[in-house]
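Chain residues, written in single-letter form:
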Amino acid sequence: MRDVAVVGFAQRQMPDFDGSPTCVEMLVPILAEVYEQTGWTRRDVGFWCSGSSDYLAGRSFSFVQAVDAIGVTPPVNESHVEMDLAWAMYEAWIKIQTGEVDTAVVYAFGKSSAGVLRRTLALQLDPYTMTPLWPDTVSLAGLQARAGMDAGLWDERAMAEVAQRSLTDAEKNEHAIRKGGSSVEDLLARPMYADPLRKHDCSPVTDGAAALVLAAGDKAREVRDTPAWISGLSHFIDASSISNRDLTRSPSAANAAAAVDLDGVELAELHAPFSHQELILRRELGLADDVRINPSGGALTSNPMFSGGGIRIGEAAQRIWSGEVAKGVAHATSGAALQQNLLCVLESSTGKGGA
């Protein structure tokens, strides 16, 4: 297996698209930023892969317009996934493993504020038995949270403690759109939004985009003194039907954790759009108590669709680059109630090629 590292990362997150009508206008400055970080030009990129959704954009082949941001003359080696940036990164990692290319840029974008996000995401559910009922994601998360509370796995205070820590940590994150620590008691005093969830228990609707840069071997060392080497990469999926799952568990997350080496992890960036989901992920991943969780504030403080999971990888990589940690894990999820889960282990030492 080839040693591959994350060597570049840029993001933009906002509560609305601040008047910008196209994804191209948002992507151009992000791509310019990763060029500046790496010292590359477009001709240095061997492969491009994007993540987005036509359902979110409200038009077919929405990713084609985004290609204008990277330029197509002369022709480029490009692909697309109807998934989060993290899965686009997975495809790019595989492309590099084939030996066809040594470098890749992956990017993703989404304008969540264009419609009613919680209703749009019902299209992820089983199309025969669930989607026709249009159960929204917040209501389904409320059912999941209640199931865990009824089983004695967590309570409202535990959920509020997750939110309080996330909001406090987000004060140091310039990209977070919700921040400002409050006491657990103040959070518990706030009104219910979707019982037993309060608004701070749910990720805010967020527009945004992000990009990651991957490079193999010496190409990575040319860019960073301490590249964030990908030493483990794994993803699994559970049944799409809510009725076929124990919502208090996430077998796909546990399976992903079993496929990688999490020993010695110091930091975990978990893509948990709801406070109780962080509690589920901590247990399924078997994270030790001393592992720092979401120092960026996590998805509870900003969660742009189709780049929120990839941003977790970028946030973890930045702390490897800075020398703050030597080993971290980033997590991405997709689908309702933690249906699909991806783990990416990053280390400061030369990677093992992946898992």
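Thresholds applied
- Residues numbered from 1 in each chain as written.
- Predicted model: local features only at pLDDT ≥ 70, side-chain atom pairs only at ≥ 80, totals over all residues.
- Heavy atoms only, no water.
- Helix = DSSP H or I, 4+ residues; strand = E, 2+ residues; numbered from the N terminus.
- Buried < 20%, exposed > 50% of the residue type's maximum accessible area, 1.4 Å probe, protein only.
- Contact = heavy atoms within 4.5 Å.
- Disulfide = S-S within 2.5 Å.
- Salt bridge = Lys/Arg side-chain N within 4 Å of Asp/Glu carboxyl O.
- Axes fitted to C-alpha atoms, helices over the stretch in contact; angles between N-to-C directions.
- Parallel < 35°, antiparallel > 145°, perpendicular 65-115°, else oblique.
- Nonpolar A, V, L, I, M, F, W, Y, C, P; charged D, E, K, R; others polar.

## Notes on the environment of Val162
- The residue Val162 is located in helix α7 (residues 156–169) in this model.
- Overall, the relative accessible area of 3% leaves Val162 in the buried class.
- Counting along the chain gives 39 residues from Val162 to Asp201, while the straight-line C-alpha distance between them is 8.4 Å.
- When near neighbours in sequence (up to four residues on either side) are disregarded, Val162 contacts Ser275, Glu278, Leu279, Arg282 and Leu300.

## Some details on the state of the cysteines
- Per the counting criterion, the structure on display carries zero disulfides.
- In this structure Cys23 is a free cysteine whose sulfur lies 15 Å from that of Cys49, the closest cysteine sulfur available.
- Cys49 takes part in no disulfide bond, and the closest cysteine sulfur, belonging to Cys344, lies 15 Å away.
- According to the relative accessible area criterion, Cys49 is buried, its value standing at 0%.

## A look at the pattern of salt bridges
- Inspection of the entire model under this criterion finds 14 salt bridges.
- A salt bridge links Arg312 to Glu269, with the nearest nitrogen and oxygen atoms 2.8 Å apart. Of the two residues, Arg312 is situated in helix α12 (residues 308–321) and Glu269 in strand β7 (residues 267–269); the sequence distance between them amounts to 43 residues. An identical accessibility class is assigned to Arg312 and Glu269; each is buried.
- Salt bridges sharing common partners tie together Arg165, Glu278 and Arg282.

## Considering the packing of α7 against helix α11 (residues 275–285)
- Interhelical geometry of α7 versus α11 gives an angle of 100 degrees and a closest axis separation of 8 Å. Comparing the axis directions of α7 and α11 gives the class roughly perpendicular. Across from Ala158, Met159, Val162, Arg165 and Ser166 in α7, the residues of α11 making contact are Ser275, His276, Glu278, Leu279 and Arg282.
- Within the contact of α7 with α11, the residues separate by chemical class into four nonpolar, three polar and three charged.

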